[in-house]
Amino acid sequence: MQSIADFAEQLARQAGDLVRHERENTTLRTDYKDQTELVTHADLMADKLITDAIRKQYPDHRILSEESSPDSSLASDLDSPLWIIDPIDGTVNYAYGHPQVAISIAYAEGGRVQLGVVHAPFVDETFRAIHGGGAVLNGRAIECNKATVPRDSLFATGFPYTKDYLEPILKRLNTMLIHCRDLRRVGSAALDICWVACGRLDAYYESVKPWDFAAARLIAVEAGARAGHFSEVPEGQPADVWGQDILVSAPGIYDDIRAMLRSASE
Ligand code: IPD
Ligand code: CA
Ligand code: CA
């Protein structure tokens, strides 16, 4: 697993160099997916760089990738190894010149994520974990916070691109704002979760896609955080890659926050 992780980290760094170079030296070409979701030429280039390299190195492995193969049902087929890739997590940040941008690469076998790399090229931070082996940030071990009460907890969440289903999201946000210390909207789900892993945040919840969180979730769990869902995971779906209503937090506040989010969802 170590050599697959080295390969994944090397790819994340190469893709990071590419996206940084494209933002600093070219005019970003932007487009919209599904009429609302921003995508830049760098998202497509980074996706191609990563997926071409995986296909060359591991021709038998499957790839679930946001830009070139975004079929989430791939994640419920447990038969052969699966790579889960977000070439740029935080595309809106990227387009606006913000630093919170990450390349996220996860590798799963049998529906369990075995390794995750989240690389933030504008601040040169690389989070990495192998199942059972702890989590590191730039090679140094990281641990999540020891928060015990929601009132002292800093949380992050995100909001969907479409504005059609905001009501339940605002209801949960209202509850969290009342009962927690404060909110940060980082703009990259992968970094939100890695920031829980290294103690910059106490909790994160949202509904996202497998490529947004698969790598970061393992990193957080390996750093001592608790990860799960505040609604039921459908039978037969691997929880590691089920993105609906995910919650990742310091273990001491997990049950209280989960209960709050559940009651705000009723
Ligand atoms: C988005 C980011 C954002 C989250 C969105 C994601 P993208 O990913 O992770 O924080 O709120 O749900 O879609 O589009 O920048 O790859
Ligand atoms: Ca994403
Ligand atoms: Ca993306």
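Everything numeric in this text was worked out from a predicted model, so none of it was measured. (Residues numbered from 1 in each chain as written. Chains lettered and ligands numbered in written order. Predicted model: local features only at pLDDT ≥ 70, side-chain atom pairs only at ≥ 80, totals over all residues. Heavy atoms only, no water.)

### A short note on the coordination of the calcium ion (ligand 2)
Spelled out, the test is: Only N, O and S atoms count as donors, using a 2.8 Å limit from the metal and a wider 3.2 Å limit for Na, K and Ca, and since water is excluded some coordination spheres may look unfilled. Secondary structure elements are taken from DSSP: a helix is a run of H or I of four residues or more, a strand is a run of E of two residues or more, and numbering for both begins at the N terminus. Partly exposed residues are those whose accessible area sits between 20% and 50% of the maximum for their type, while under 20% is buried and over 50% is exposed, using a 1.4 Å probe and protein chains only.
Those protein atoms acting as donors to the calcium ion (ligand 2) are Asp-86 (OD), Asp-89 (OD) and Asp-212 (OD), and they sit at 2.0 to 2.2 Å. When the donor residues of the calcium ion (ligand 2) are listed from N- to C-terminus, their spacing reads D-x2-D-x122-D. Taken as a pair, the calcium ion (ligand 2) and the calcium ion (ligand 3) lie 3.6 Å from each other and share Asp-86 as a ligand. Taken as a pair, Asp-89 in strand S4 (residues 82-89) and Asp-212 in helix H6 (residues 210-222) lie far apart in primary sequence, 123 residues in all. Here the two residues Asp-89 and Asp-212 agree in accessibility, since each one is buried.

### Here we look at the packing of aromatic side chains
Any two aromatic rings considered together are summarised by their centre-to-centre distance and by the angle between their planes. Note the threshold: Each aromatic pair joins two rings of Phe, Tyr and Trp (for Trp, the six-membered one) with centres within 6.5 Å, and gets the label stacked for planes under 30 degrees apart, edge-to-face for over 60, and tilted for any other angle. The rule for a charge over a ring is simple: NZ of Lys or CZ of Arg within 6 Å of the ring centre, and within 35 degrees of the ring normal.
Using the criterion set out here, one finds seven aromatic pairs in the structure. Relative to Tyr-107, the ring of Trp-83 has its centre 5.0 Å away and its plane inclined at 55°; by these criteria the two rings are tilted. Pair noted here: Trp-83 is in strand S4 and Tyr-107 is in strand S5 (residues 102-109), with a separation of 24 residues, a long-range link. Three or more aromatic residues link up through ring pairs in this structure, and these residues are Phe-7, Tyr-58, Trp-83 and Tyr-107. Its end group placed over the ring of Phe-122, Arg-23 keeps NZ or CZ at 3.7 Å from the ring centre.

### Overview of the domain arrangement of the protein chain
Keep this limit in mind: As used throughout, domain bounds are those supplied by an automatic or database domain assignment. Note on terms: buried area is the combined drop in 1.4 Å-probe accessible area of two parts once they are placed together, counting the loss on both. Think of a salt bridge as a Lys or Arg side-chain nitrogen and an Asp or Glu carboxyl oxygen that are within 4 Å of each other. In the analysis that follows, any N or O atom pair within 3.5 Å is treated as a polar contact, provided that within protein one partner can donate a hydrogen and the other can accept it, and provided that, for residues neighboring in sequence, both atoms belong to side chains.
The domain architecture assigned to the protein chain consists of domain 1 (2-141) and domain 2 (150-265). Placing a centre on the C-alpha atoms of domain 1 and another on those of domain 2 gives a separation of 20 Å. Sorting the residues of domain 1 by area buried against domain 2 places Asp-89, Val-113 and Phe-127 first, and these three jointly supply 19% of that buried surface. There are two salt bridges connecting domain 1 and domain 2. Among the salt bridges present, the one from Asp-240 reaches Arg-112, with a minimum N-O distance of 3.2 Å. Remark: the boundary between domain 1 and domain 2 carries 10 residue pairs in polar contact (both at pLDDT 80 or more). Elements with a minimum of two residues in the side of domain 1 that touches domain 2: strand S3 (62-65), S4, helix H3 (91-96), S5, strand S6 (112-120), strand S7 (125-130) and strand S8 (135-137).

### With respect to the state of the cysteines
As a reminder, the rule being used: A pair of sulfur atoms, both from cysteines and within 2.5 Å, is called a disulfide here.
For the structure shown, the criterion picks out zero disulfides. No disulfide involves Cys-180; its sulfur sits 16 Å from that of Cys-144, the nearest cysteine. Taking the relative accessible area as the measure of exposure, Cys-180 reaches 1% and is therefore buried. With no disulfide partner, Cys-194 has as its closest neighbouring cysteine sulfur the one in Cys-198, 7.6 Å distant.

### A closer look at the site of ligand 1
Rules: The criterion for a residue being near a molecule or strand is simple. One of its heavy atoms has to lie within 4 Å of it. Every accessible area reported is derived by Shrake-Rupley at a probe size of 1.4 Å, with residue values counting cover from the shown protein chains alone. Gly falls in the polar group here, along with every residue not listed as nonpolar (Ala, Val, Leu, Ile, Met, Phe, Trp, Tyr, Cys, Pro) or charged (Asp, Glu, Lys, Arg).
Around ligand 1 sit 17 residues in total, of which Asp-89, Gly-90, Thr-91, Tyr-161 and Glu-206 are the nearest. A distance of 3.3 Å separates an oxygen atom of ligand 1 from a polar atom in the side chain of Asp-86. Taking Gly-90, its main chain carries an N or O atom lying 2.7 Å from an oxygen atom of ligand 1. Taken by itself ligand 1 offers 370 Å² of open surface, and the protein chains cover 92% of this. Top contributing element to the shell around ligand 1 by residue count: S4, with three residues. Of the residues that constitute the shell around ligand 1, the class distribution is five nonpolar, five polar and seven charged.

### Observations concerning the packing of helix H1 (residues 2-25) against helix H2 (residues 41-57)
The cut-off we apply is this: Helix axes are fitted to C-alpha atoms over the stretch in contact, other axes to C-alpha atoms as well, and angles between N-to-C directions run from 0 to 180 degrees. For classification purposes, an angle smaller than 35 degrees is called roughly parallel, one larger than 145 roughly antiparallel, one from 65 to 115 roughly perpendicular, and anything else oblique. Throughout, a crossing is termed right-handed when the near helix is turned clockwise from the far one, and left-handed when it is turned anticlockwise from it by less than a right angle. Pairs of residues are marked as contacts when any of their non-hydrogen atoms sit within 4.5 Å.
Contact geometry for H1 and H2: axes closest at 9 Å, N-to-C directions at 155°. In terms of orientation, H1 lies roughly antiparallel with respect to H2. Relative to H2, the crossing made by H1 is right-handed. Contact residues: Phe-7, Leu-11, Gln-14, Ala-15, Leu-18, Val-19 and Glu-22 in H1; His-41, Ala-42, Met-45, Ala-46, Leu-49, Ile-50, Ala-53, Ile-54 and Gln-57 in H2. Here the residues of the contact of H1 with H2 are counted per class, giving 12 nonpolar, three polar and one charged.

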